[in-house]
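# Structural description and commentary
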Amino acid sequence: MQSIADNVGGAISYASLARKNRSKDIAIASLGIFVLFIAIATLLALFIDLAITGYPRLADPEFYTSFPSRKPLQAGILSAWVGTIMVMVVTACLSVPLGVAAGLYLEEYASKNWFTDLIEINVSNLAGVPSIVYGLLALGLFIYTFGMSETVLVAGMVLALLILPIIIVSTRESIRSIPSELREAAYGLGATQWQTMALYIVPAAKPGIITGAIVGLSRAIGETAPIITIGALSFIAFLPESPISSDAPFINFGWLTSPFTVMPIQMFSWLSRPQADFHISAAAAGVVLIVMTLMMNALAIYIRYRARSR
Amino acid sequence: MKKTFAIGALLAGGVLSQAAFAVDTVQIDGSSTVFPVSEAMAEEFQSAQKGKIRVTVGVSGTGGGFKKFCRGETDITGASRPISPEELALCKENGVQPIELPVAMDALTVVIHPDNTWAEMLTVDELKTMWEPEAQGKITNWNQIRSDFPDRPLNLYGAGTDSGTYDYFTTAVVGKEHSSRGDFTASEDDNVLVMGVSGDVNALGFFGLAYYEENKDKLDAVAIKWKDNEPVMPSFETAGDSSYQPLTRPLYYYASKASIEEKDYVAKFTQFLLDEENKELVKEVGYVPLSSKVYEAANEVLEKREVGTAYQGAEVGVDVAETLSRTKHY
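Residues numbered from 1 in each chain as written. Chains lettered and ligands numbered in written order. Predicted model: local features only at pLDDT ≥ 70, side-chain atom pairs only at ≥ 80, totals over all residues. Heavy atoms only, no water.

### Observations concerning the domain arrangement of chain A
All names here are of chain A. To be explicit about the condition: Source of the domain bounds: an automatic or database domain assignment. Here the quantity called buried area is the total loss of accessible area, with a 1.4 Å probe, experienced by two parts when brought into contact, counted for both. The definition of a polar contact used here is a pair of N or O atoms within 3.5 Å, where within protein one atom must be able to donate a hydrogen and the other to accept one, and adjacent residues in sequence count solely through side-chain atom pairs. Under the grouping applied here, Gly and all other residues not named as nonpolar or charged are polar, the nonpolar ones being Ala, Val, Leu, Ile, Met, Phe, Trp, Tyr, Cys and Pro and the charged ones Asp, Glu, Lys and Arg.
In terms of domain boundaries, chain A breaks down into domain 1 (1-59) and domain 2 (62-309). Counting each side, the surface lost to burial between domain 1 and domain 2 is near 960 Å², with a carbon and sulfur contribution of 76%. Summed over the shared surface of domain 1 and domain 2, the result is 3 residue pairs in polar contact (both at pLDDT 80 or more). Tallied by class, the residues present in the side of domain 1 that touches domain 2 amount to 5 nonpolar, 2 polar and 1 charged.

Okay, here's the thing in C-alpha cells:
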C-alpha cells in the first residue's frame, strides 16, 4: 500500500514537473522576445529620431554633392562619403586576401603544436582589442616610424589591421564547419592538397568567409577613434584624385596618398557646433552612415544566398 | 579569389609608384574652438583662388596642434591659449619659428538657468569661491556664495580639463592655470553643457559666447564684476572693446615662418586670415572680430616676421593690441 501511494505521488510530481518545465519554456521564450523587442525598438527609435531630425537636409540633393561649409544649410557630405568609400576599398583589398589566406593556413596547413596554439589564442584576443589601441599602434608605427602621412592608404591600413582578426576567425570557423567527408573524398580520388583546397574547401566555405568579411567591414565603416588618432582632417573641400583617368594607364593611385575625412568625423564635427542647423546636418549624416552599413549587410546576405543556392 | 589578388597586386604597384601630382595645400590643425574660423576662412579662400590652392583643417586640440606644428608637420595651428614655454622649446628644438597672430576674440560666458533670479551678477571672487580646488565637497549650496542667495544646491558645469577653455577659465578665475575643484560636470562638448544648465535651475556653467548666443532662449548670462569695475554683461560689443574682463580671451593662429617664406601659397593664406575685409567671416561663425587697431598691429607683426610669443606665462585680461607691440621672445 505504501509503495502504491508513493508511486501515485511520484506520478503526480512528474506531471507537475512537466508542467513546471513547460511554463519555464514559455517564460524563457517570452523573456527572449521581450529582450529582442527592446533591442529592435531602441535601434528603430534611434533611427527614426535621426531620420526625422535630419529630414530637411536628407531631402536636399545638394547635401550629397556639396563640401562642408560654414553655412549650415549649404554644408554637405561629399568629401565625407567619398572618403569613407575610398578608405573602405583600401581596407577590403588589404584585409580580405590577408585574412582569408591566414585563416586557410592556420586551419589547413599549419601543424598543430604549441606555437600555432599561441598564434590562435592571440588572434582571438586581438579581435577583442579596443580600436583606439590600433589607432595608437598605427600612429607609432606608420606615421612616426615609417614617416607616412595621414592619407587614405594609412587609414585603410589601420582599419584593415583592426578587422583582420575578425576575418581570420570567421574564415577558420567556416572551413571547420565543412564536413570532413568532403575533404576525405577529394583526397581519396587522388587530389593534391592544393586541388582539394582550391576546388572543394574554399568554394564550400565561401558564404561563411564572405559574411565574415562583410561583418568586419561593417565594423570598420563606423570606426572613428583609430582614424582620429592618426590625424584625419575635419575640413576638406576637395576630392581625392579620380582613380580612373582618361589617359594611359587609365588607373592612377594618387587618391591613395590624398588627405581625407570620413563620415563619423564629419558628424562629430557638426555635432559640436553651436548652431542648431549643424545638428540637423549631423543627424542626416548619421542616417546616411546607417544606410551605408545596412546596404553592406544586405549585400552580404545577398551574396550568401546566391552562393548557397548554387 | 583571382580577382582579389589582381586588385591587391595593382594596389601594391600603385603604392610603390606614388603619383606626385601635388596641388599646393595649406595645412592647418589645432584648437577645436578656432576650427569654425579656420573652416570659414579656408572655404572662402579656396573659392577665391578657384581651387588653385587647397586648404585642409584638422582638429587635434590646442595642445595636439602645437605638437604637430612644432614638428613641422603643419603650416599653421589654431590655439585658444598662448603657446606654452614647453611647446616653444619643442618648436625651437625642431627649428620651427612660430609667428603669433590673433584671429578673433571670444568671451567665456558664465550661464545660469532662466528661472535663476538671484545670481544675475557675480564677482570674480565669488566665482573663485565656487571653482577653486578647496571648494571641492565644501561649497555645495548657493547661500555659501553670498548670504542673501537662497538655500539651494549648487550644481556646476564646465569645459573638460583637456581644453584650452578650461585652462583659460581657471587662470582667470582661480588664478592658477589648470587648477579647480574636480566635482563638477565636465564635457568637451559644449552642447552637453548647454543641455545640462538649461535643464537645472540650480546650475551654473561656462562656455564660449557663441554657444550662449545660439541658446539665449534657454539660458541667461551672468554679468561679471572684476576688481572695482562695474559689472559687465558678455556680448559682442563688450568682448570687442575688451571691457568684459577677465573672461575675454583672444584666439590665436601660429604660423610657421619657414612655411610663409618658402611657400607663397601659405603666405597668401596668412594674409587672407589677417585681411580686415574678412572679419565678417569671424562674426558669422559666432566670434568677435578684432578691432582695426589690432588688425593693423597683427599685419605689422606678420610683415616683420616677428618670431615667438609676447606672453610670459598665462596672463588674463590683456589688451591684444598691447601684446602685439611687445618684444617677442623665442
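### Some remarks on the nonpolar core
Quick note on the threshold: Nonpolar core, defined: a set of buried Ala, Val, Leu, Ile, Met, Phe, Trp, Tyr and Cys residues in which side-chain atoms within 4.5 Å join the residues together. Categorising residues by exposure relies on relative accessible area from a 1.4 Å probe, with only protein chains included: less than 20% of the type maximum marks a residue as buried, more than 50% marks it as exposed, and the intermediate range marks it as partly exposed. Helix and strand assignments come from DSSP, with helices taken as H or I runs of at least 4 residues and strands as E runs of at least 2, each series counted from the N terminus. Note on definitions: a residue-residue contact is assigned when non-hydrogen atoms from the two residues lie within 4.5 Å.
By size, the foremost hydrophobic cluster in this structure holds 106 residues, and its most contacted members are Met 130, Trp 131 and Leu 204 of chain B. Counting residues per element, this core draws most heavily on strand β4 (residues 98-112) of chain B, which supplies 10 residues. If you count residues domain by domain, this core takes at least three from each of domain 1 (22-105 + 250-324) and domain 2 (109-233) of chain B. Sequence-distant contacts of Leu 204 of chain B, defined by excluding residues within four places in its chain, comprise Val 110, Val 111, Ile 112, Leu 122, Leu 127, Met 130, Trp 131, Trp 142, Asn 155, Leu 156, Tyr 157 and Val 197 of chain B. Counting 63 residues, the second largest nonpolar core, distinct from the first, contains Met 86, Ala 155, Leu 217 and Ile 227 of chain A.

### As for a nonpolar patch on the surface
Filter applied, for reference: What makes a patch is a set of residues exposed beyond 30% relative accessible area and free of salt bridges, joined within 9 Å when like-charged and within 5 Å when nonpolar (Val, Leu, Ile, Met, Phe, Trp, Tyr). Areas reported here follow the Shrake-Rupley algorithm with a probe of radius 1.4 Å; residue values treat only the protein chains shown as occluding. Within this document, salt bridges are pairs made up of a side-chain nitrogen of Lys or Arg and a carboxyl oxygen of Asp or Glu, the two lying within 4 Å of each other.
A cluster of nonpolar side chains, contributed by Leu 31, Phe 34, Val 35, Phe 37 and Ile 38 of chain A, occupies part of the molecular surface with about 520 Å² of accessible area. Tracing the backbone through its elements, the reader meets Phe 37 of chain A in helix α1 (residues 2-58).

### Section: the side chain of Glu 108 of chain A
All names here are of chain A. Position of Glu 108 relative to the elements: it lies in helix α3 (residues 78-109). Looking at Glu 108, its side chain comes within polar contact range of the side chain of Arg 183, at 2.8 Å. With residues up to four places along the chain from it excluded, the contact list for Glu 108 reads Ile 175, Arg 183, Gln 193, Met 197 and Ile 201.

### Describing helix α2 (residues 35-48) of chain B
Residue and element names in this part refer to chain B. Note the cut-off: For a helix, the expected span equals 1.5 Å multiplied by the number of residues minus one.
Between its terminal C-alpha atoms α2 stretches 20 Å, which fits the 20 Å expected from 14 residues at 1.5 Å a residue. Burial of α2 is extensive: 11 of the 14 residues sit out of reach of the surface. Just downstream of α2, Lys 50 is the residue with a positive phi angle, here 55 degrees.

### Points about the interface of chain B and chain A
Put simply, the rule reads: Two strands are said to pair when DSSP picks up at least two bridges between them.
At the interface, 36 residues of chain B touch 33 residues of chain A. Carbon and sulfur atoms make up 61% of the area that chain B and chain A hide from each other, which totals about 3100 Å². Run the count over chain B and chain A and you get 5 salt bridges. Glu 43 of chain B is the partner of Arg 70 of chain A in a salt bridge, and the nearest nitrogen-oxygen pair spans 3.3 Å. Here chain B and chain A share 12 residue pairs in polar contact (both at pLDDT 80 or more) between them. Of all the secondary structure elements, the ones that give two or more residues to the side of chain B that touches chain A are α1 (2-16), α2, β2 (54-58), α8 (209-214) and α12 (279-284) of chain B. Ranked by residue count, the leading element in the side of chain B that touches chain A is α2 of chain B, at 8 residues. Partitioning the side of chain B that touches chain A into residue classes produces 19 nonpolar, 7 polar and 10 charged. Pairing of strand β1 (residues 233-236) of chain A with β2 of chain B involves 3 bridges; the strand directions are antiparallel.

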